[in-house]
Amino acid sequence: MAVVYDKYYQVENLFGEPYPELIEFLSNWIKKGTLLDLGCGQGRDAIPISRMGYKVTGVDNSRVGIEQMNRIASKEKLALKGIAGDIFAFEDFRNFDIVLLDSMFHFNKKDKKRETDFIKELIDKIKNEALIIFCIQDSGNKVKILKDIVNDTGKVEKMTENEFEYVYEDAKTKHKSRTKYKMLVFSK
């Protein structure tokens, strides 16, 4: 099966640096444990988080992105392992202290049920005291839908919510875009 991002990831480090707000939060988090980065792509978040002392597992359906990330992890001897696979099929959440979902949910009509069911399953299966970090575009009703899903479970509480802006620039075409985001952190 062809994976769309395999084509895009021919450009290494396509999406640039991680969000400073995410890095700041994890830098200040005292428990530098295990982190699962679902939809890790080329490792934009996973690589710097691993450099901070976290043991990171990244899952993404792009073999190209995973291979790039694993190459860097091997070269730098990072505690980082990339797995090529479908995040929606991943179920081993109990082995992680933190689960990161960066730009994974859009709640389009055709995906909303699948994404909703996945979030509920994730919350149900993570261990007590684990964190879930969502970085999500702050457009349309995405943030409200996410909050409603999470609140309906009654199993986690919100720790923090930060607004920020993501700036993307395509080096080749010089196209530049700005997107409003929110980072929501929940604890079980």
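Residues numbered from 1 in each chain as written. Predicted model: local features only at pLDDT ≥ 70, side-chain atom pairs only at ≥ 80, totals over all residues. Heavy atoms only, no water.

## Re the side chain of D45
- Residue position: D45 is located in the loop between β1 (34–38) and α3 (46–51).
- Look at D45 and you get buried, because its relative accessible area is 3%.
- Look past the residues within four positions of D45 in its chain and what remains in contact with it is P18, Y19, L22, D37, L100 and D102. (Helix = DSSP H or I, 4+ residues; strand = E, 2+ residues; numbered from the N terminus. Buried < 20%, exposed > 50% of the residue type's maximum accessible area, 1.4 Å probe, protein only. Contact = heavy atoms within 4.5 Å.)

## Comments concerning the packing of aromatic side chains
- On inspection of all chains with the given rule, the structure shows 14 aromatic pairs.
- Judged by centre distance (5.1 Å) and plane angle (70°), the rings of F88 and F118 are edge-to-face. Within this pair, whereas F88 is found in the loop between β3 (80–84) and β4 (98–102), its partner F118 is found in helix α5 (residues 112–125), the two being separated by 30 residues in sequence.
- Taken together through their ring pairs, the aromatic side chains of F88, F90, F93, F96, F105, F107, F118, F134 and F186 make up a single cluster.
- Geometry around Y19 places R44 over its ring, the cationic atom sitting 4.6 Å from the centre.
- The side chain of R114 reaches across the aromatic face of F88, ending 3.9 Å from its centre. (Phe/Tyr/Trp six-rings, centres within 6.5 Å; stacked < 30°, edge-to-face > 60°. Lys NZ or Arg CZ within 6 Å of the ring centre and 35° of its normal.)

## Here we look at the sheet that holds strand β7 (residues 176–187)
- Reading across the sheet, the 7 strands line up as β3-β2-β1-β4-β5-β7-β6 and stay open at both edges, with mixed pairing between neighbours. One side of each edge strand has no neighbouring strand; the edge strands of this open sheet are β3 and β6 (157–169). Recorded for the sheet is a direction-independent mean angle of 15° between the axes of neighbouring strands.
- Of the pairings in the sheet, the one linking strand β5 (residues 131–137) to β7 comprises 7 bridges and is antiparallel in character. What sits directly across from Q137, in β7, is Y181.
- Helix α4 (residues 63–76) rests against β2 (55–60) and β3 of the sheet, and its axis sits at about 165° to β3. (Pairing = 2+ DSSP bridges. Axes fitted to C-alpha atoms, helices over the stretch in contact; angles between N-to-C directions.)

## Comments concerning helix α2 (residues 20–28)
- Those residues of α2 not exposed but buried are L22, F25 and L26. Seen along its axis, α2 keeps its buried residues to an arc of 90°; they face one direction. Relative to its buried face, α2 has exposed residues pointing more than 90 degrees away, namely P20, E24 and N28.
- In this fold, the buried residues of α2 make contact with β1, α3, β4, β5, β6 and β7. (Arc of directions from axis to C-beta.)

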